[in-house]
Structures are given as structure tokens and as C-alpha cells.
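Survey of secondary and tertiary structure
Single-letter residue listing:
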Amino acid sequence: MFPGTTLSSAPAGSVLVVAEGEALWKQTVVKGAWQAKMIQAILVFNNHGKPRLVRFYQRFPEEIQQQIVRETFHLVLKRDDNICNFLEGGSLIGGSDYKLIYRHYATLYFVFCVDSSESELGILDLIQVFVETLDKCFENVCELDLIFHMDKVLLSQARVMGS
């Protein structure tokens, strides 16, 4: 379960379903397929678009995942540094139903794809906490740390995300 999410916060008639480390609410009523998933994907790539960490919390075929990473990179790269860090999701990941929230640190972009109801500032803070956790783990994290120490990166992500 995500931090701050309790069984009492579930809609009436819902059950908690946990699959592959992700928690989501599914409506048990046959009418409507309501489900709430906050974070859809976490992408970390360098200035050249080379993915360094890719985590999807929704099933996509591998070629679609690669297209999503490319499309997200191009959407983020063409934005100026002085523009806000929020934009609508690309056509492959759900368009206006999802938001891309990102931060650019040195040579790395940290991008979270979230549903449109999620707080942009809350996700920016989560990205900051994730990067600070990586900094503590690696003493000033760099791209090579993500390449050669993926086990520590995944542990740091699990700590930050509460799983």
C-alpha cells in the first residue's frame, strides 16, 4: 500500500488489489471499471535520450514502452529550462488524462507520469526526495551510478515510494 493510503480511504464497495508491487483500487461493482493509480511510470534518461531507469506500473508491450520513452524524451527536451516542469502526457501514454512531471539535474532527466488528478508540486517534491536519497546512497549521484549500481537505485526507489 502507498504511504498515506489506508483501507478507509477506499471508495465504498472497493477492494485493494496488489499486483507486481503496485497497489490500486478496483471497484467491485460490475458497472464502471473505476480504478485509481497515481504513478503510471518513472523514467530517468540522459541528455541524449538514453534510458537509465524505466519503471512502468501499467502493462505495455516492450516496443510501446520504447516509443513512450522516445516520445517523452522529445516532449521534455524541446522545452526551455525556464518553462514549468509539467506537461500533458504524450499520445501514447494517454494524452490529457495523464501529466508528465519532470526535473532536469545535470545530465539526467527524472520524469514521472501521473494521472491528471495528482498534485504537480507533490510529485516534484517526490522527485526531489528520490534524487536526495540517491545522493545519500552514492555521495553525489551521477549517470554512471545508475548504470553500474542499478540494485542500489532500485532499493532507493523502493524506499522513497514506500513499497
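Each remark here, short or long, concerns the structure printed above.
To start, this report covers the structure provided alongside it. Every value quoted in this text rests on a predicted model; they were computed, and no experiment measured them. Starting afresh in each chain, residues are numbered from 1 along the sequence in its written order. Residue-level local features of this predicted model are given only where pLDDT is at least 70; pairs of side-chain atoms are given and counted only at 80 or more, and the full residue set underlies all totals for whole chains, interfaces and linings. The basis for the side-chain values is all heavy atoms of the structure; hydrogens and waters are excluded.

**Describing the overall build of the protein chain**
Secondary structure elements follow DSSP: runs of H or I of four or more residues count as helices, runs of E of two or more count as strands, with numbering from the N terminus. Counting its regular elements, the protein chain contains 4 helices and 8 strands. Reading the helices (α) and strands (β) of the protein chain from amino to carboxyl end gives β-β-β-β-β-α-β-β-β-α-α-α. Here's how the labels work: a residue is buried when its accessible area is under 20% of the maximum for its type, exposed when over 50%, partly exposed in between, all with a 1.4 Å probe on protein chains only. Scored against the burial criterion, the 163 residues of the protein chain give a buried share of 41%. By the convention used here, residues are in contact when the closest approach between their heavy atoms is within 4.5 Å. Intrachain contacts of the protein chain at a sequence separation of at least 6 include 41% that bridge at least 24 residues. Total accessible area computed for the protein chain in this model is approximately 9500 Å², and 54% of it derives from carbon and sulfur atoms. Per-residue and other accessible areas were derived by the Shrake-Rupley procedure at a 1.4 Å probe size, with only the shown protein chains allowed to occlude residues.

**Some thoughts on the pairing of strand β7 (residues 98–105)**
Burial of β7 is extensive: 6 of the 8 residues sit out of reach of the surface. Note on pairing: DSSP must find at least two bridges between two strands before they are called paired. Two elements, strand β6 (residues 86–88) and β7, share 3 bridges in a ladder whose sense is antiparallel. Bridging from a neighbouring strand, Glu88 pairs with Lys99 of β7. Hairpin connection between β7 and strand β8 (residues 108–115): a loop of 2 residues separates the two successive antiparallel strands, and Ala106 in this loop has a positive phi of roughly 50°.

**Focus: the pairing of strand β5 (residues 51–56)**
Note that strand β4 (residues 39–46) and β5 share 5 bridges and pair antiparallel. The residue bridging Val44 from the neighbouring strand is Leu53, located in β5. Between β4 and the antiparallel strand that follows it, β5, lie 4 residues; Gly49 among them carries a positive phi value of about 85°.

**Considerations on the nonpolar core**
We define the nonpolar core as a collection of buried residues of types Ala, Val, Leu, Ile, Met, Phe, Trp, Tyr and Cys that are connected through side-chain atoms lying within 4.5 Å of one another. Membership of the largest hydrophobic core comes to 22 residues, with the highest contact counts inside it found for Ile39, Phe110, Phe112, Ile123, Ile127, Leu134 and Leu146. Among the secondary structure elements, those contributing two or more residues to this core are β4, β7, β8 and α2 (120–138). Of all the elements, α2 adds the most residues to this core, at 8 residues. Phe56, Phe60, Leu75 and Leu87 belong to the second-largest nonpolar core, a separate cluster that totals 17 residues.

**Comments concerning the packing of aromatic side chains**
Under the pairing criterion, centres of Phe, Tyr and Trp rings, with the six-membered ring standing for Trp, must be within 6.5 Å; the plane angle then separates stacked pairs below 30 degrees from edge-to-face pairs above 60, leaving the rest tilted. Evaluation of the coordinates by the stated rule reveals 5 aromatic pairs. Both rings, one in Phe45 and one in Tyr109, keep their centres 5.7 Å apart while their planes meet at 35°; by these two values the pair is tilted. Here Tyr109 lies in strand β8 and Phe45 lies in strand β4, a separation of 64 residues in the sequence. The pair Phe45 / Tyr109 is uniform in exposure class, with both members buried. With a centroid separation of 5.8 Å and 80° between ring planes, the pair formed by Tyr105 and Phe110 is classed as edge-to-face. For Phe110, a relative accessible area of 2% puts it in the buried group. Taken together, the ring pairs connect Phe45, Phe73 and Tyr109 into an aromatic cluster.

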